[in-house]
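Chain residues, written in single-letter form:
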Amino acid sequence: MKYKISVRRFRDGVQFVQTYIIEAPPTTTVLDALINIREDLDGTVAFRYACRMGVCGVCAVKVNGRPVLACTTKLGDLGSHEIYIEPIQDKNIIKDLVVDI
Amino acid sequence: MEFVQWHPTALIPSGILISEAARAEGAYLVNREGERFMKRYAPQQMELAPRDVVSRAIAMECKAGRGFMWKGKLCYVGLDIRHLDPSRVKERLPLLLETVKTYAGIDPFSELIPVAPAVHYFMGVIHTDLHGRVLDPYGNWIKGLWAAGEVAAVSVHGANRLGSNSLSECAVWGRIAGEAAAKYALENRSGAVEEYIRAIAEEEERRILYVLGRRETGGIPAAHVKSASQKVVTKGAGIFRNAESTAEAIAELVKLMNNFRNININDTSRIYNMELREVIELDGMLQAAYALLLGAYLRTESRGAHYRIDYPKRDDKHWLRHTIVYKYGDSFIAAYQPVKIEGWPPEMRQY
Ligand code: FES
């Protein structure tokens, strides 16, 4: 399945949106999609994760406007092939999706 | 380092652990023929045999072609909870139900849960004494350095950690090492760290910031070297090992270590640089992998999680010893230290 993933990025005081097109099965989690982007397309995107199984909470981001855990949210459950990912809060953004929590 | 624990039941394909509690509640492990295969490997303990025994049993079933295949490339077996009382499962194993539903999309009350062994825990790693102090190869404390947790080899686990025993590492040794380190820092306010250690730290910082952080475009992505090294170590020193497989893996790993020099970092910023962190981790990973493979190659016996097909028996006469791998310049050297047996001498393992 083709997904258009837009990530709201922030670095060195500049904010912008970057879009990536990925091929992934609908069972892929948002976190795995981000990891794929890092590994194959753009190693500079920054985000947090640890347990990868919905326990620790550090992968929280906003997906299509809703706060979710990236590691428990599957692309296929979002009801759209266009996915917009932004930091969980607008304040204290350290870099890209990483916020000071 | 050669003692690596495989957890027998990680969910396919995500690798998330399905707790032992499932088998403790009475879940079965079955192969493609619907047979409870543990009867062949541990007729008395069955599914409750230790992790290394169950992991090997699953690998054997896969070798014999009695496993299921995931996308034609990953062999797994079924964890069966269908005969258990659903209300009890809901009460006792809520995390299992949620995980299986989210990550495998399966209803475990009507389908088998797909599971396979996955690397879980390192029994060895940093050489410490009982107080969590890090030791050099000669057994002297490296002043100012402690290690606690999975990273430390205090030797509570021997060659095979039992479930939940890692808690003692954080609860007991975390406290011992933490308190000792705090006390030491208070008592040695200035010069707490020896000069040569400070020099090593500074050298390391320079290496990271200027050598790793200043690559131009081109080169190989770190993720490729990482996944290649995972494959090499799993193939060479996974659940089963032998002289040939470990020797081949060492040769492959050396190639990857050379590739490491050509890894490219795109992100050159100094703030939350995930790429840089991953490359530093990979550097450590490759070296740890080398120590692991070397230990596995040299240990010509089978003990706990270390299983050599060419030496399937435990050999207490020669191998009641710790392997200590250290670096001298760019070379890795393996040294040995006898295991001190205080209370219980090792016995035959029978299940
Ligand atoms: S990574 Fe821990 S909750 Fe998502």
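Residues numbered from 1 in each chain as written. Chains lettered and ligands numbered in written order. Predicted model: local features only at pLDDT ≥ 70, side-chain atom pairs only at ≥ 80, totals over all residues. Heavy atoms only, no water.

- Chain A has the name Succinate dehydrogenase and fumarate reductase iron-sulfur protein in an unreviewed UniProt entry, where Pyrobaculum oguniense is given as its organism.
- According to the UniProt record, the Pathway (unreviewed entry) comment for chain A is "Carbohydrate metabolism; tricarboxylic acid cycle." (UniProt positions renumbered as here; feature names shortened; annotations may be inferred.)

## Points about the pairing of strand β2 (residues 14–23) of chain A
Residues and elements named next belong to chain A.
Inference 1: Bridging between strand β1 (residues 2–11) and β2 involves 10 bridges; their strand directions are antiparallel. Directly across from K2, in β2, lies its bridge partner E23.
Inference 2: Between β1 and β2, which follow one another and run antiparallel, lie 2 residues, and D12 among them has a positive phi close to 45°. (Pairing = 2+ DSSP bridges. Helix = DSSP H or I, 4+ residues; strand = E, 2+ residues; numbered from the N terminus.)

## A look at the state of the cysteines
All names here are of chain B.
Inference 1: What the rule picks out here adds up to 1 disulfide over all chains.
Inference 2: Bridging C62 to C75, the disulfide has an S-S length of 2.0 Å. Across the disulfide from C62 to C75, rotation about the S-S bond amounts to roughly -90°, and the bridge is consequently left-handed. Remark: C75 occurs in strand β4 (residues 74–80) and C62 occurs in helix α3 (residues 51–63); sequence separation between them is 13 residues. (Disulfide = S-S within 2.5 Å.)

## Some words on the packing of helix α8 (residues 222–237) of chain B against helix α10 (residues 274–298) of chain B
All names here are of chain B.
Inference 1: Their axes nearest at 11 Å, the elements α8 and α10 cross at an angle of 15°. Taken together, the axes of α8 and α10 lie roughly parallel to each other. In this structure, α8 crosses over α10, and the sense of that crossing is left-handed. Where α8 abuts α10, its residues A222, V225, K226, S229, V233 and A237 lie against V279, L282, M285, L286, A289, L292, L293 and A296.
Inference 2: Here the contact of α8 with α10 is composed, by residue class, of 12 nonpolar, 1 polar and 1 charged. (Axes fitted to C-alpha atoms, helices over the stretch in contact; angles between N-to-C directions. Parallel < 35°, antiparallel > 145°, perpendicular 65-115°, else oblique. Left-handed = near helix turned anticlockwise from the far one by under 90°. Contact = heavy atoms within 4.5 Å. Nonpolar A, V, L, I, M, F, W, Y, C, P; charged D, E, K, R; others polar.)

## Things to note about the domain arrangement of chain B
All names here are of chain B.
Inference 1: According to the domain assignment, chain B contains domain 1 (4–122), domain 2 (129–187) and domain 3 (222–338).
Inference 2: A straight line from the C-alpha centre of domain 1 to that of domain 3 covers 28 Å.
Inference 3: Counting residues at the interface gives 11 residues for domain 1 and 10 residues for domain 3.
Inference 4: Contact between domain 1 and domain 3 buries roughly 840 Å² in total, counting both sides, with carbon and sulfur atoms accounting for 76%.
Inference 5: By the criterion of area lost to domain 3, the three top residues of domain 1 are V4, W6 and R56, representing 61% of everything that side buries. (Domains from an automatic or database assignment. Buried area = accessible area lost by both parts, 1.4 Å probe.)

## Considerations on the interface of chain B and chain A
Inference 1: The interface of chain B with chain A comprises 17 residues on the first partner and 21 residues on the second.
Inference 2: Interface area for chain B against chain A, summed over the two sides, is near 1500 Å², with a carbon-plus-sulfur share of 56%.
Inference 3: Looking only at chain B, the three residues that lose the most surface to chain A are Y103(B), Y272(B) and M274(B), adding up to 39% of its buried area.
Inference 4: For the salt bridge of E278(B) with R38(A), the shortest nitrogen-to-oxygen distance reads 2.6 Å.
Inference 5: Our count for the contact surface shared by chain B and chain A stands at 7 residue pairs in polar contact (both at pLDDT 80 or more).
Inference 6: Mapped onto the side of chain B that touches chain A, the elements with two or more residues apiece are α5 (94–104), α8 and α10 of chain B.
Inference 7: Looking at which element gives the most residues to the side of chain B that touches chain A, the answer is α5(B), with 5 residues.
Inference 8: When the residues that make up the side of chain B that touches chain A are grouped by side-chain class, the tally is 7 nonpolar, 6 polar and 4 charged. (Salt bridge = Lys/Arg side-chain N within 4 Å of Asp/Glu carboxyl O. Polar contact = N/O pair within 3.5 Å; in protein donor to acceptor, adjacent residues only side chain to side chain.)

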